[in-house]
Every structure is written in C-alpha cells, then in structure tokens.
Amino acid sequence: MIAKLVVLSGPSAVGKGTLASYIIEQNKDYELSVSATTRSPRPGEIDGISYRFVSEDEFSRMQQSNELLEWATVHGQHRYGTPRFPVEKALAEGKNVVLEIDVQGAFQVKKSFPEALLVFVNPPSFEELEARMEKRGTESPEDKLRRLETATSELSQADSFDFQVINDEVARCAQEVVDLVKSN
Ligand code: 5GP
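About the thresholds
Residues numbered from 1 in each chain as written. Predicted model: local features only at pLDDT ≥ 70, side-chain atom pairs only at ≥ 80, totals over all residues. Heavy atoms only, no water. UniProt positions renumbered as here; feature names shortened; annotations may be inferred. Near = heavy atom within 4 Å. Polar contact = N/O pair within 3.5 Å; in protein donor to acceptor, adjacent residues only side chain to side chain. Nonpolar A, V, L, I, M, F, W, Y, C, P; charged D, E, K, R; others polar. Pairing = 2+ DSSP bridges. Helix = DSSP H or I, 4+ residues; strand = E, 2+ residues; numbered from the N terminus. Axes fitted to C-alpha atoms, helices over the stretch in contact; angles between N-to-C directions. Buried < 20%, exposed > 50% of the residue type's maximum accessible area, 1.4 Å probe, protein only. Arc of directions from axis to C-beta. Contact = heavy atoms within 4.5 Å.

Looking at an unreviewed UniProt entry, one finds the protein chain named guanylate kinase and attributed to freshwater metagenome. As stated in UniProt under Sequence similarities (unreviewed entry), the record for the protein chain gives "Belongs to the guanylate kinase family."

The structure is reproduced here in structure tokens:
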C-alpha cells in the first residue's frame, strides 16, 4: 500500500493532538510530524517531541531556505510550520504521516501534495469545544477568546476538506480516520 499524508485540522481544543497520538500508538505504520513553532513551551511540553521550539530568527531562516512544507501564523500570534524533510523521509520509508495543523496550513499542503487526505475534526458541539478549552485551562481569558474566534472561522471552512469526523470519543474517531486512510 502506498504511504499517505494525513492532515488533521480543526479548532483549538477539539482534541486533535490526543487523536493524532492515539492513531500513532495504535498503528505502527503511522508517524507523527513534529512542527516547528515560535511560541513558548507550555508546562509539560518537551522540545523535539511536542514541537521544535525555535526563535523568530530560526523560523525565518527555515522559511527562507524552503525547509517548511507549509507554515502559518496561528491565532494572529505565533508562527507554526511543518519541517519538510522528516515528512518526505517517512513517506519514502512507507509510513503514513499525520500532520496536526491549522486550516490555512492544510490547504497549503494540498497544493504541494494533492494526494494528501485532509480530515477536518469537529467537536460534538460548540459548547463542548468551549468546555474542553476551559478544562485544559492553559490559556489566559484573552487567549481563550482569540482561540474561540479562530474556531468559528475554522468551522466555517470544514466543507472544503476531503472528509469530516466528529471527535466524540477518541478510540472511535481514531478508527474512523484509519479506516478512511485505508479506503482512500
Ligand atoms: P497550540 O499552540 O495550541 O499547540 O496550537 C495552535 C494551533 O496551531 C493548532 O490549531 C495547531 O493545529 C496549529 N499548528 C500546530 N502545528 C502547526 C504547523 O506545523 N502548521 C500549521 N499551519 N499549524 C500548526
């Protein structure tokens, strides 16, 4: 089977990270892409595993030297991007690669990798999304508001994705994504 590039996008706090980790843990032929970002680590996040935390200068250098498959400024604040080389290497080794990125980034990936599968992850409801953000408790009230505003605009672009799933229960939703990848 040909290895696939799977892009998971959706609003902040919808549980994309948990979903992506679950898929990787349960399926040995999947690898997760580690993004570069200019934002600071949250408590518990590890450099090189959660993200590659880089300076503004380093991120600019990566952009200029075409090291990023896609990149975007998210929530009008920090830059995030997908390092190109690890993705190409994993695909060449026959592994499916999961990208957990924002909506703008997803559309950029589709331009350079038209065969990528864009999957939009929906919350069961907007109220549930707010509750999950509240529970995570890592953002200031201003951050939360900004993320909910971004979420509204992201949810309105879901129809442009190849597929949509609802993250009601991680194991079930992860299986749905894996099944989609198998059959497409
Ligand atoms: P957070 O700061 O909560 O970790 O992530 C904020 C947003 O940035 C999330 O919507 C996440 O999907 C997105 N993001 C993370 N990595 C990348 C990336 O490499 N590229 C793009 N375009 N977005 C990313």
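Next, the rest of the story.
Asks: So what's going on with the site of the ligand? Residues and values would help.
Replies: The immediate surroundings of the ligand are formed by 17 residues, with Ser35, Arg39, Tyr51, Tyr80 and Asp102 found nearest. The side chain of Lys16 places a nitrogen or oxygen atom 3.1 Å from an oxygen atom of the ligand. Take Asp102: an N or O atom from its side chain is 2.7 Å from a nitrogen atom of the ligand. Of the residues belonging to the shell around the ligand, the class tally is five nonpolar, five polar and seven charged.

Asks: Summarise the sheet that holds strand S8 (residues 117-122); cite the residues concerned and give the values.
Replies: In spatial order, the strands read S2-S7-S1-S8-S9; together these five strands make up an open sheet with parallel pairing. The open sheet terminates on both sides in strands that have one partner only, identified here as strand S2 (30-32) and strand S9 (163-166). Neighbouring strand axes in the sheet, compared pairwise and without regard to direction, differ in orientation by 25 degrees on average. Alignment of S8 against S9, held across four bridges, turns out to be parallel.

Asks: How would you summarise helix H2 (residues 56-64) if you had to cite specific residues and measurements?
Replies: Three- or four-residue spacings in an α-helix give side chains the same orientation, since the helix completes a turn every 3.6 residues. Among the residues making up H2, those that are buried are Phe59, Ser60 and Met62. For H2, the arc enclosing every buried residue in end-on projection is 160 degrees, short of the 170-degree limit, so these residues lie on one face. Turned more than 90 degrees away from the buried face of H2 sit Asp57 and Gln64, all of them exposed. On its buried side, H2 packs onto strand S3 (36-37), strand S4 (52-53), strand S5 (68-74) and strand S6 (78-83). Residue Asn66 follows H2 closely and has a positive phi angle near 60 degrees.

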